[in-house]
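Examining the three-dimensional arrangement
Residues per chain are reported as follows:
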Amino acid sequence: MAQKGVDLDQETFSCSICLDLLKDPVTIPCGHNYCMKCIQGFWDGEEKIHNCPQCRKTFMPRPVLVKNTMLAYIMEQMKKTGLQAAPADHCYAGPEDVSCDVCSGRKLKAIKSCLICLASYCEKHLQPHLDEAAFKKHKLVEPSKNLQENICSIHDEVMKMFCRTDQKCICYLCSVEEHEGHKIVSAAAERTERQRDLEESQQQIQQRIQDREKEVKLLQQEVEAINHSADQTVKDSEEIFTQMINLIQKRSCDVMQQIRSQQQTEVSRVKDLQEELEQEITELKRRDAELKQLSLTEDHSQFLLNYVSLPPLSESTHSSSINVRPLRYFEEVTAAVSELRDKLQDILREEQTNISLTVTHVDVLLPDPEPKSRAYFLKYSCQIRLDPNTAHRRLLLSEENRKVMFMIQSQSDSDHPDRFITKLQVLSRESLTGRCYWEVEWNGIVNVAVAYKNINRSGDKSRFGYNDKSWAMSCSPESFSFYHNSIKTSISARGSSRIGVYLDHTAGVLSFYSVSESMTLLHRVQTTFTQPLHAGVWVGHVVGVTAEFCKLK
């Protein structure tokens, strides 16, 4: 009998209050069974009216509870044969869960949904799908609330087909009616193909995640490097400025000491002379008194006798007058120090500008977004002037040195060291750094280029695009090609008679555009520029070929 009990629904032997197996089971008058403690606790919470928690039947007075010995015996046997407690509360389906379509009463959570049966099952009710041969071909998936979406709204059939023409799932009847003649495959076949696309997309996404994680790590290292460099530079600059301040203070002390020393020397000289003059005054006063006394002698013979015996007056060792300059002794020193201050201010002002420019030139090479419209490109427009000293002798420059034309006759006899000797090309005066944009109107066959200034001036390797110091877009009515270091890249896009060139020197970006009603990218270069660049142009060996750097507003 116990073994038969194991086959019964476990909920039959569970207390609906604690959801556990019945303990000390009691049967109340309506026939429902509870744990004695559970139903007593439930009724203890009520004041007067006592009812059944399941059927809500009321009892007056409160029933006397007596243990159901038969049911208690059965429960003991059930425990010995392996019957477990009723499902815990978290096994029941909540508002957000998919519930079992077979469970009656309080439904359990579904663990699988069947795409053939269009039903969801808890662990117990799923068992036939796992054990019975009739269900072996059924497709089990994770629990889904949207199983009805797999049913055709027209024919009420499972949609097992996919129409590639209309890109939608359909049932078999749809495939022979509404979608007749369309490209139809099974949903499984379409899933297989889409799965391959999905896996490729996943691989691409994962690769991009790895790339971005590497970039984030590099950027973090860049932040640490910037902070370390800035901290070290602040420390070094503070030490250098302190050294300069100490040097100025030392020079100040040296000058003060020198002034005081010279002050003492000159004061000592003046005082020595003053003392000599005061001694001479004293001697002169004594002699003046003697002469005054002699002049009062009444005896002529005595006067003459004493006068003859007087020693001669000694000559003064100093000039009769001392030339005193205006009271400006050390003022010239003040003027010299002031001049030094002014020079130092000029140096500091000039060097401060240089230092500030050096600080602002510190630039992390982050990718800046490239302009998308011509109006935005024009924000970076620059006026290009060609350098006559670089132009091949058979090139004529005009339009304020913006236009170049091939001429049969030589246009210059000068042998300037910057002049191109072999190739019919010319460079701009202006060096290009930062972000720049310009446009070239052309006809015939030309190369629109950028190059370092130290590109060779003669030889086959001096032509724009045929060395590692220049980049050139070759333009002709038939085709466009890009050249760098003698490597040719064919351009499939159709070009126009106006070429736009965008340069972001810091980011290492060089882009060539065909400019007409819209802008079409012809070719983009991503590299590292090690020197300032110059715009340039090469023209074909045909009379009438021209290239003109346009005036841009």
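Residues numbered from 1 in each chain as written. Predicted model: local features only at pLDDT ≥ 70, side-chain atom pairs only at ≥ 80, totals over all residues. Heavy atoms only, no water.

**Things to note about a negative patch on the surface**
For clarity, the cut-off: Nonpolar side chains (Val, Leu, Ile, Met, Phe, Trp, Tyr) within 5 Å and like charges within 9 Å form the patches, drawn only from residues with over 30% relative accessible area and no salt bridge. Per-residue and other accessible areas were derived by the Shrake-Rupley procedure at a 1.4 Å probe size, with only the shown protein chains allowed to occlude residues. A carboxyl oxygen of Asp or Glu within 4 Å of a side-chain nitrogen of Lys or Arg is what we treat as a salt bridge. We score Asp and Glu as negative and Lys and Arg as positive, and we do not count His or the chain ends. To locate a charge, take NZ of a lysine, CZ of an arginine, CG of an aspartate or CD of a glutamate. Note on conventions: DSSP H or I runs of at least 4 residues are helices, E runs of at least 2 residues are strands, and numbering of each starts at the N terminus.
Taken together, the side chains of Asp-272, Glu-275, Glu-276 and Glu-278 present a region of like negative charge at the surface. Inspection of the secondary structure assignment puts Glu-275 in helix α6 (residues 187-295).

**A short note on the environment of Leu-522**
The test is simple: Any two residues having at least one pair of non-hydrogen atoms within 4.5 Å are treated as being in contact.
Locating Leu-522 in the fold gives a position in strand β21 (residues 519-526). For Leu-522 and Ile-491, which are 31 residues apart along the polypeptide, the C-alpha to C-alpha distance reads 6.4 Å. In this view, Leu-522 contacts Met-473, Phe-480, Ile-491, Ala-493, Arg-494, Gly-495, Ile-499, Phe-512, Tyr-513 and Ser-514; residues no more than four positions away in its chain are not counted.

**Structural notes on the packing of aromatic side chains**
Where we set the bar: Each pair of aromatic rings taken from Phe, Tyr and Trp, with Trp reduced to its six-membered ring, is defined by centres within 6.5 Å and is described as stacked if the planes are under 30 degrees apart, edge-to-face if over 60, and tilted in the remaining cases. Exposure categories follow from relative accessible area, calculated using a 1.4 Å probe and restricted to protein chains: below 20% of the type maximum is buried, above 50% is exposed, and the middle band is partly exposed. Either the NZ atom of lysine or the CZ atom of arginine qualifies as a charge over a ring when it sits within 6 Å of the ring centre and within 35 degrees of the ring normal.
For the structure shown, the criterion picks out 13 aromatic pairs. Between Phe-303 and Tyr-307 the ring centres are 6.0 Å apart and the planes differ by 15°, which places this aromatic pair in the stacked class. Residue Phe-303 and its partner Tyr-307 are both found in helix α7 (residues 300-308); the two are separated by four residues, about one turn of the helix. Taken together, a centroid distance of 5.8 Å and an interplanar angle of 85° make the contact between Phe-420 and Phe-464 edge-to-face. Placement of Phe-420 in the loop between β12 (403-406) and β13 (425-427) and of Phe-464 in the loop between β15 (446-452) and β16 (470-475) is noted, with a sequence separation of 44 residues between them. By the burial criterion, Phe-420 is buried, and Phe-464 matches it. Taken together through their ring pairs, the aromatic side chains of Tyr-376, Phe-377, Tyr-380, Tyr-437, Tyr-502 and Tyr-513 make up a single cluster. Positioned above the aromatic ring of Phe-420 is the side chain of Arg-457, whose terminal nitrogen or guanidinium carbon lies 4.8 Å from the ring centre. For the cation-ring pair, Arg-463 lies above Trp-538, with the distance from its terminal atom to the ring centre recorded as 3.9 Å.

**Here's the deal with the confidence of the model for the chain**
What counts here: A residue's pLDDT is the predictor's confidence in that residue, given on a scale from 0 to 100.
Across the chain, pLDDT averages 86, with 91% of residues at or above 70. Ignoring residues within four places in sequence, the model shows residues 1-7, a span with pLDDT below 50, making nine contacts including any to other chains.

**Quick word on the pattern of salt bridges**
For the structure on display, the rule yields 25 salt bridges. Put simply, Arg-62 and Asp-44 hold a salt bridge, and the shortest N to O gap is 3.0 Å. Of this pair, Arg-62 sits in the loop between β4 (58-59) and α3 (69-80) while Asp-44 sits in helix α2 (residues 36-44), and the two are 18 residues apart along the sequence. Residue Arg-62 is classed as partly exposed on the basis of its relative accessible area of 32%. Looking at Asp-44, the relative accessible area reads 52%, which means it is exposed. The closest approach of N and O atoms between Glu-190 and Arg-194, which form a salt bridge, is 2.8 Å. Linking Glu-190 with Arg-194, this pair stays in helix α6, spanning four residues, or about one helical turn. Taking the relative accessible area as the measure of exposure, Glu-190 reaches 5% and is therefore buried.

**Some remarks on the sheet that holds β12**
Note the threshold: Pairing between two strands requires that DSSP report at least two bridges joining them. Axis lines are fitted to C-alpha atoms, over the contacting stretch for helices. Their N-to-C directions set the angle, which ranges from 0 to 180 degrees.
Read across the open sheet, the seven strands follow the order β11-β12-β23-β14-β19-β20-β21; overall the sheet is antiparallel. Looking at the sheet topology across the chains shown, the edges are occupied by β11 (395-398) and β21. On average, each strand axis in the sheet is inclined to that of its neighbour by 20°, with strand direction left out of account. As judged from the six bridges shared by strand β19 (residues 498-504) and strand β20 (residues 509-515), these two strands associate in the antiparallel manner. Within β20, the residue paired with Asp-504 across the bridge is Val-509.

**Focus on the side chain of His-523**
Structurally, His-523 is set in strand β21. Setting aside chain neighbours within four positions, we find His-523 in contact with Met-473, Phe-482, Thr-489, Ile-491, Leu-510, Ser-511 and Phe-512.

**Here's the deal with α7**
Heads up, the condition is: We define a polar contact as two N or O atoms separated by no more than 3.5 Å, with the added condition that, inside protein, one atom must be a possible hydrogen donor and the other a possible acceptor, whereas residues neighbouring each other in sequence contribute only through side-chain atom pairs.
Taken across its nine residues, α7 has zero buried, putting it largely on the surface. Two or three places before Ser-301, at the start of α7, stands the capping residue Asp-299, its side-chain oxygen 3.1 Å from that residue's backbone nitrogen.

**Quick look at the domain arrangement of the chain**
How we decide: What fixes the domain bounds is an automatic or database domain assignment.
The domain boundaries assigned to the chain delineate domain 1 (10-81), domain 2 (195-296) and domain 3 (374-549). The centre of domain 1, based on its C-alpha atoms, is set 98 Å off from the matching centre of domain 2.

**A few points about the side chain of Arg-457**
Inspection of the secondary structure puts Arg-457 in the loop between β15 and β16. In this structure Arg-457 is buried but unpaired, with Asp-418 as the nearest side chain of opposite charge at 4.2 Å. Sequence-distant contacts of Arg-457, that is, excluding residues within four places in its chain, are made with Thr-390, Pro-417, Asp-418, Arg-419, Phe-420, Ile-421, Thr-422, Leu-427 and Ser-462.

**Some points on the pairing of β12**
Residue alternation in β12 divides its side chains into a buried set, Val-404 and Phe-406, and an unburied set, Lys-403 and Met-405. Bridge count for β11 against β12 is four bridges, and the pairing is antiparallel. In the strand pairing of β12, Ser-398 is matched with Lys-403. Here β11 folds back onto β12, and the loop between the two strands holds four residues, one of which, Glu-399, carries a positive phi near 50°. As paired strands, β12 and strand β23 (residues 546-549) are joined by three bridges and run antiparallel to one another. Its bridge partner being in β23, Met-405 is matched across the sheet by Thr-546.

**What to know about a nonpolar patch on the surface**
Together, Ile-240, Phe-241, Met-244, Ile-355 and Val-359 give the surface a local cluster of nonpolar side chains, amounting to about 440 Å² of exposed area. Elements with a contribution of two residues or more to the nonpolar patch: α6 and α8 (331-360). Per element, the largest residue contribution to the nonpolar patch is three residues, and it comes from α6. Relative to the elements of secondary structure, Met-244 occurs in helix α6. Residue Met-244 is classed as partly exposed on the basis of its relative accessible area, which comes to 36%.

**Here's the deal with the sheet that holds strand β10 (residues 184-186)**
If you trace the three strands from one edge of the open sheet to the other, you get β9-β8-β10, paired in antiparallel fashion. Unpaired on one side and paired on the other, β9 (168-170) and β10 mark the two borders of the sheet. Mean inter-strand twist for the sheet, computed between neighbouring axes without regard to direction, equals 35°.

**Quick look at the UniProt feature "domain: B box-type" (unreviewed entry) in the chain**
Rules: UniProt positions are given in the numbering used here, feature names are shortened, and annotations may be inferred rather than shown by experiment.
The UniProt entry lists residues 147-187 under the feature "domain: B box-type" (unreviewed entry), expressed in the numbering used here. Spanning residues 147-187, this segment combines 15% helix with 22% strand, and its end C-alpha atoms are found 15 Å apart.

**Regarding unusual backbone geometry**
In this chain, Met-60 is followed by Pro-61 through a cis amide linkage whose omega measures 0°. Of note in the backbone geometry, Leu-118 takes a positive phi value of approximately 55° without being a glycine. According to the relative accessible area criterion, Leu-118 is buried, its value standing at 16%. One non-glycine residue, Ser-486, lies in the positive phi region at around 70°. Given a relative accessible area of 33%, Ser-486 falls into the partly exposed group.

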